[in-house]
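# Reading the structure
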Amino acid sequence: MTTSKSLFSKVALAAAFALVPALASAHPGHPGHDQSSFTSGLLHPVLGMDHLLAMVAVGLWAMQLGGRARWAVPATFVSVMLLGGFAGVGGFVVPYLEQGILASVLILGLLIVMAARVPMVASMGLVAAFALLHGVAHGAEMPVGANGLAYGAGFAATTVVLHGCGLLGGDLLRNAAQAAWLRAAGVAVLTGGFLLALS
């Protein structure tokens, strides 16, 4: 059982990294313009610590939930985030967006620390709400003149990789010490969220 879970995590991470070059060539238009748009999208989630923490935390929590949630929760986040991205590009405004994104980091960290056993439908709904906020922020901050499809492919690819890192990390930590280290990772996410709130 443990072997199959470990294999799942490794396959998920490998697929995430394999997806990056595939997405890079999956958008139409002028290669130079699209490449710079894709690169901008790729970098956006990792240039904001709030985005990075939340996306890794989604993978950690999905692994902690186990079962189908290991793929359903991250897939929900990426799908809804893309919708939010297009909404953000279109000028959709969410009140208190930055506060909502920060809250997503804190809540995800707390869920991991508590090893919260939330039903899968509810966990998908929760990450969907978080994903919408992150997506709107990505879209609203798209560089002027960027190709929206290339930019969206970029931030989606990075998000998939970060989820994969969370899944793999969660699997390794859970197997290492009866889930105590996985909860410790939740403490790290929660601490990062508090530091962002104070900054």
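Read on for a plain summary of the structure. It should be emphasised that the depicted structure is a prediction, and the values quoted were computed from it without experimental measurement. (Residues numbered from 1 in each chain as written. Predicted model: local features only at pLDDT ≥ 70, side-chain atom pairs only at ≥ 80, totals over all residues. Heavy atoms only, no water.)

### Describing the overall build of the protein chain
Within the protein chain, the secondary structure is distributed over eight helices and zero strands. Ordering the α and β elements of the protein chain from the N terminus gives α-α-α-α-α-α-α-α. The buried share among the 199 residues of the protein chain stands at 48%. In the protein chain, once contacts between residues fewer than 6 apart in sequence are set aside, the share between residues at least 24 apart is 84%. When the accessible surface of the protein chain is totalled, it reaches about 9200 Å², and 74% of it is carbon and sulfur. (Helix = DSSP H or I, 4+ residues; strand = E, 2+ residues; numbered from the N terminus. Buried < 20%, exposed > 50% of the residue type's maximum accessible area, 1.4 Å probe, protein only. Contact = heavy atoms within 4.5 Å. Areas by Shrake-Rupley, 256 points an atom, 1.4 Å probe, with all protein chains shown as cover.)

### Digging into the environment of V46
With respect to the helices and strands, V46 occurs in helix α2 (residues 31–47). Classification of V46 by relative accessible area gives partly exposed; the value is 35%. Distance from V46 to L162, taken between C-alpha atoms, is 9.0 Å for residues 116 residues apart in sequence.

### Side note on helix α4 (residues 69–89)
Taking 1.5 Å per residue as the helical rise, α4 with its 21 residues ought to reach 30 Å, and the 30 Å between its terminal C-alpha atoms agrees with that figure. Within the span of α4, buried status applies to A69, R70, A72, V73, P74, T76, F77, V78, M81, G84, G85 and G88. Positive phi appears at G91, one or two residues downstream of α4, with a value of about 95 degrees. (Expected span 1.5 Å × (residues − 1).)

### So, the nonpolar core
Within the largest apolar cluster, 31 residues are counted, with the highest numbers of intra-cluster contacts made by W61, V73, F77 and L108. If you list the elements that add at least two residues to this core, you get α3 (49–65), α4, α5 (97–114), α6 (120–140), α7 (148–176) and α8 (180–198). The residues contacting W61, other than those within four sequence positions of it, are L108, L111, I112, A116, V118, S123, L126 and V127. Within the second largest apolar cluster, six residues are counted, among which are V94, L97, I101 and L133. (Core = buried A, V, L, I, M, F, W, Y, C linked by side-chain atoms within 4.5 Å.)

### Description of the packing of α3 against α8
The geometry of α3 relative to α8 is characterised by a closest axis approach of 10 Å and an angle of 155 degrees between their N-to-C directions. It follows from the interaxial angle that α3 and α8 lie roughly antiparallel. In the crossing of α3 with α8, the sense of the turn from one axis to the other is left-handed. Counting all contacts with α3, which are made through M49, D50, L53, A57, L60 and Q64, the residues of α8 involved are L182, R183, A185, V189, G192, G193 and L196. Tallied by class, the residues present in the contact of α3 with α8 amount to eight nonpolar, three polar and two charged. (Axes fitted to C-alpha atoms, helices over the stretch in contact; angles between N-to-C directions. Parallel < 35°, antiparallel > 145°, perpendicular 65-115°, else oblique. Left-handed = near helix turned anticlockwise from the far one by under 90°. Nonpolar A, V, L, I, M, F, W, Y, C, P; charged D, E, K, R; others polar.)

### Observations concerning the side chain of Q64
Within the secondary structure, Q64 is located in helix α3. Beyond its immediate chain neighbours, meaning those up to four positions away, Q64 contacts L111, I112, A115, A116, R117, R174, L182 and R183.

### Describing the side chain of T76
Checked against the element boundaries, T76 lands in helix α4. Since its relative accessible area comes to 14%, T76 is described here as buried. Filtering out sequence-adjacent residues up to four positions away, T76 remains in contact with M124, V127 and A128.

### Here we look at the environment of V118
Counting through the fold element by element, V118 comes out in the loop between α5 and α6. Owing to a relative accessible area of 25%, V118 belongs among the partly exposed residues under this scheme. If near-sequence neighbours (up to four positions away) are discounted, V118 is found in contact with W61, L65, L111 and S123.

This is a description of form; function is not addressed.
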